[in-house]
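Okay, here's what each chain looks like letter by letter:
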Amino acid sequence: MSISKDKILSALPSRYGFEVKVFDTADSTNNAAKRECSYTPTLVAAAAQTLGRGRHGKSFFSPTGGIYMSLVLPKADFFELATVRAAVAVCRVIERFSPDKTEIKWVNDIFSDGRKVSGILCELVEDTVIIGIGININRNEFPDEISDTAGAVKLENTDRETVIASIAAEIMSLSELCAEKLLAEYKSRLFILGKTLEYTADGEKHSGVAVDINGQGNLIVRENGIFRTLNSGEISLGSKSFAAKE
Ligand code: BTN
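Throughout, a residue's number is its position along its own chain's written sequence, starting from 1. Local features in this predicted model are restricted to residues of pLDDT 70 or higher, and side-chain atom pairs are both shown and tallied only at a pLDDT of 80 or more, whereas totals for entire chains, interfaces and linings draw on every residue. Only heavy atoms go into the side-chain values, all of them from the structure, while hydrogens and water stay out.

Undergrad: Is there a simple way to think about the pattern of salt bridges in this case?
TA: A side chain of one charge can pair with a side chain of the opposite charge if their charged atoms are brought near each other. Definition used for salt bridges: Asp or Glu carboxyl oxygen within 4 Å of a side-chain nitrogen of Lys or Arg. Within this structure, the stated rule accounts for 14 salt bridges. The salt bridge involving Arg189 is made with Glu95; its shortest N-O contact spans 3.3 Å. Placement of Arg189 in helix α6 (residues 179–189) and of Glu95 in helix α4 (residues 82–97) is noted, with a sequence separation of 94 residues between them. Since its relative accessible area comes to 15%, Arg189 is described here as buried. Where Glu170 meets Arg96, a salt bridge forms, and the shortest distance between an N and an O atom there is 2.5 Å. Taken together, the positions of Glu170 in helix α5 (residues 160–174) and Arg96 in helix α4 put the pair 74 residues apart, joining distant regions of the chain. A relative accessible area of 46% means that Arg96 is categorised as partly exposed. Overlapping salt bridges bring together Arg92, Glu95, Arg96, Glu170, Glu185 and Arg189 as one network. Helix numbering and strand numbering both begin at the N terminus, where a helix is a DSSP run of H or I of at least 4 residues and a strand a DSSP run of E of at least 2. The cut-offs for exposure are 20% and 50% of the maximum accessible area for each residue type, with area from a 1.4 Å probe on protein chains only; residues under the lower value are buried, those over the upper are exposed, and the others partly exposed.

Shown next, in the form of structure tokens:
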């Protein structure tokens, strides 16, 4: 189940000028992208990863059959709201090719039917931003450690190359959307607003209500009447939290 570079190129609008590199197996497409670290927009895709990486030093389950791709883009043009743009693009493209509906858990985990189906890892390397995207496709079985939380999307009448090219094109075309509209769509897809979350701040565990996203994509939470801005980090929704609306 190799990935075809020619199929990606034929589905990718040439105006974006992407160089495309494909691997049967990569350690991590983000690592491969870093090694390339080209200043031309580059799309790296692999059929499988041996060391797929997630946020916060976690691994990302990456067997054959899923989508593993990284874009290398100039930081000057793509740094601002890169994670927000990538999350919206992934949701739009999944919904174009799948009957499954998607939602976002801040910052950029993509959920469907209550399970995480896709993760995004953005990294800055010199003057470039690397946007790494992994999507679980047509799969029911996961390793024990993630079997309670992971899910997959069903793809219909398409192939991985078309989805990969469509995500790259969607990220590029979203850069033409103004920040207000982009953030409005991102917020409309978030399922955490109004819910009680657990998060760590200043080394301590806290619990607060997610109230909004600011213009930089940061999450505003309210705890005992005090507002706090979270700019990265992990949040969790305890089982009681889904019911805990303010
Ligand atoms: C997360 O869930 O925390 C982010 C997961 C990001 C996974 C993708 S798969 C393609 C790219 N290569 C990696 O090693 N990670 C990203």
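Having seen the structure, we can now continue with the description.
Undergrad: Help me understand the side chain of Ser118, please; the structure alone is not making it clear to me.
TA: In this fold, Ser118 is placed in strand β6 (residues 115–125). We call two N or O atoms a polar contact when they sit within 3.5 Å, provided that within protein one can donate a hydrogen and the other can accept it, with sequence-adjacent residues counted only if both atoms are side-chain atoms. Engagement of the side chain of Ser118 in a polar contact is seen with the backbone oxygen of Gly134, the distance being 2.9 Å. Note on definitions: a residue-residue contact is assigned when non-hydrogen atoms from the two residues lie within 4.5 Å. Leaving out residues up to four positions away in the same chain, Ser118 has contacts with Val90, Asn108, Asp109, Ile110, Ile133, Gly134 and Ile135.

Undergrad: Please explain the site of the ligand as it appears in this structure.
TA: Note on terminology: near, applied to a residue and a molecule or strand, indicates that one of the residue's heavy atoms is within 4 Å of it. Neighbouring the ligand are 19 residues, the closest being Ser28, Gln49, Arg53, Arg55 and Lys116. Thr29 has a polar side-chain atom sitting 3.2 Å from a nitrogen atom of the ligand. Between the ligand and the protein, one listed contact pairs a nitrogen atom with a backbone N or O atom of Arg53 at 2.7 Å. Across the complex, the protein chains shield 97% of the 400 Å² of accessible surface that the ligand would expose by itself. At the level of secondary structure, the elements contributing two or more residues to the shell around the ligand comprise α2 (29–36), β3 (67–74), β6 and β7 (128–135). Counting residues per element, the shell around the ligand draws most heavily on β6, which supplies four residues. Using a 1.4 Å probe, accessible areas were evaluated by the Shrake-Rupley method; residue-level cover was limited to the displayed protein chains.

Undergrad: When you look at the sheet that holds strand β1 (residues 19–26) in this model, what are you seeing that I'm missing?
TA: Two orientations exist for strands paired in a sheet by backbone hydrogen bonds: parallel and antiparallel. The strand order β1-β2-β3-β7-β6-β5-β4 describes an open sheet built from seven strands, whose pairing is mixed. Edge positions in the sheet fall to β1 and β4 (103–105), since each has one partner strand and no second. Put simply, the sheet's adjacent strands are angled 20 degrees from each other on average, direction ignored. Should DSSP find at least two bridges between two strands, the strands are taken to pair. Note: strand β5 (residues 109–112) against β6, three bridges, orientation antiparallel. Among the inter-strand pairings, Ser112 is bridged to a residue of β6, identified as Arg115. Helix axes are fitted to C-alpha atoms over the stretch in contact, other axes to C-alpha atoms as well, and angles between N-to-C directions run from 0 to 180 degrees.

Undergrad: Please clarify how the domain arrangement of the protein should be interpreted in this entry.
TA: Where interface size is given, it is often the accessible area lost as the parts come together that is meant. For the domain bounds, the source is a domain assignment made automatically or taken from a database. In terms of domain boundaries, the protein breaks down into domain 1 (5–189) and domain 2 (196–236). On a C-alpha basis, the centroid separation for the pair domain 1 and domain 2 is 25 Å. Between domain 1 and domain 2, the residue contacts involve ten residues of the former and 14 residues of the latter. Roughly 990 Å² is buried in total at the junction of domain 1 and domain 2, and carbon and sulfur atoms are behind 61% of that figure. A simple way to read buried area is as the amount of 1.4 Å-probe accessible surface that goes missing from two parts once joined, with both sides added. Per-residue buried area on domain 1 facing domain 2 is highest for His56, Trp106 and Lys187; these three make up 55% of the total on that side. Put simply, domain 1 and domain 2 have one salt bridge between them. Linking Asp212 and Lys187 is a salt bridge whose minimum nitrogen-to-oxygen distance equals 2.7 Å. Residue contributions to the side of domain 1 that touches domain 2 peak at three residues, all from α6. For this classification, the nonpolar set comprises Ala, Val, Leu, Ile, Met, Phe, Trp, Tyr, Cys and Pro, the charged set comprises Asp, Glu, Lys and Arg, and every other residue, Gly included, is treated as polar. Tallied by class, the residues present in the side of domain 1 that touches domain 2 amount to five nonpolar, one polar and four charged.

Undergrad: Would you explain the pairing of strand β2 (residues 42–49) in this entry?
TA: Each regular strand shows side chains that alternate between the opposite faces of the sheet. Most of β2 is tucked away: eight of the eight residues are buried. Taken together, the seven bridges between β1 and β2 define a ladder with parallel strand orientation. Counterpart to Phe23 in the pairing with β2 is Ala46.

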